[in-house]
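Results of the structural survey
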Amino acid sequence: MTTAVKKMSAMLTALAVVFAICLTSCGDDNDEPEPAPGATHPAKIGVAYSLELGDAWWDFFDIEVSYTTPDGQLQTRTVHKGWVYAASTKYEIAAREFKFSAKATPKASQPQIDPNATYNLNHAYTFTAYGLKDNDEQESVLVHGSGSATLSMAGSKFAEYAAKPHETLGSGSWKIK
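**Details of the packing of aromatic side chains**
Considering all chains together, one arrives at 17 aromatic pairs under this definition. Seen from their ring centres, Tyr49 and Tyr85 are 6.0 Å apart, and the 45 degrees between their planes marks the pair as tilted. With Tyr49 in strand E1 (residues 44–53) and Tyr85 in strand E4 (residues 84–90), this residue pair connects regions lying 36 residues apart in the sequence. Here Tyr49 and Tyr85 have matching classes, each one buried. Taken together through their ring pairs, the aromatic side chains of Tyr49, Tyr67, Trp83, Tyr85, Phe98, Phe100, Tyr125, Phe127 and Trp174 make up a single cluster.

**Brief notes about helix H3 (residues 155–162)**
For H3, the complete set of buried residues consists of Gly155, Phe158, Tyr161 and Ala162. The arc that holds the buried residues of H3, viewed along the axis, is 100 degrees, so those residues lie on one side. Along H3, the residues that are exposed and aim more than 90 degrees away from the buried face are Ser156, Lys157 and Glu160. Tucked into the core, H3 has its buried residues touching helix H2 (55–60), strand E2 (61–68), strand E5 (97–106), strand E6 (118–120), strand E9 (152–154) and strand E10 (166–175).

**A closer look at the side chain of Lys44**
On the secondary structure map, Lys44 appears in strand E1. A distance of 3.4 Å separates a polar side-chain atom of Lys44 from the backbone oxygen of Asp134. If we skip the residues at most four places from it in the chain, Lys44 touches Ser88, Thr89, Lys90, Tyr91, Tyr130, Gly131, Leu132, Lys133, Asp134 and Asp136.

Analysis parameters
Residues numbered from 1 in each chain as written. Predicted model: local features only at pLDDT ≥ 70, side-chain atom pairs only at ≥ 80, totals over all residues. Heavy atoms only, no water. Phe/Tyr/Trp six-rings, centres within 6.5 Å; stacked < 30°, edge-to-face > 60°. Helix = DSSP H or I, 4+ residues; strand = E, 2+ residues; numbered from the N terminus. Buried < 20%, exposed > 50% of the residue type's maximum accessible area, 1.4 Å probe, protein only. Arc of directions from axis to C-beta. Contact = heavy atoms within 4.5 Å. Polar contact = N/O pair within 3.5 Å; in protein donor to acceptor, adjacent residues only side chain to side chain.

Okay, structure coming up:
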């Protein structure tokens, strides 16, 4: 065999080996269509608000909260100790932005103030927006917001404080979409 034929034979053999490796490394050919991509958002949006206040707020003031419902309605309610709001709606009709505020207005008829007592005026609120599955099972926490303050006041100064409205016991605004 001549040198040219030997070189040609070696080149063809090498080319055959490379071609064979390429064919076997392709893996499975799946002719089935790709599944449609899943939803990029939760099925539902759930929201929860809570308000925790020291006893003096409940005893001496009417407490009013304003909050956005899951479907975007602004609600204003006079609330009582232990107030919590929770609701959900489909993602497509859920609000983009949620707001919360709480204020205190002196009650028309207040209990007598003890000048020697200390009055608890602590206040705290929380807001949480959840991603929910169709069955209302929690999928994720989208946003969590909170605020709090620790405050107490001597009875000798409390009478003046209890006579005035207090516009901001807590407020916040959150976007979820």
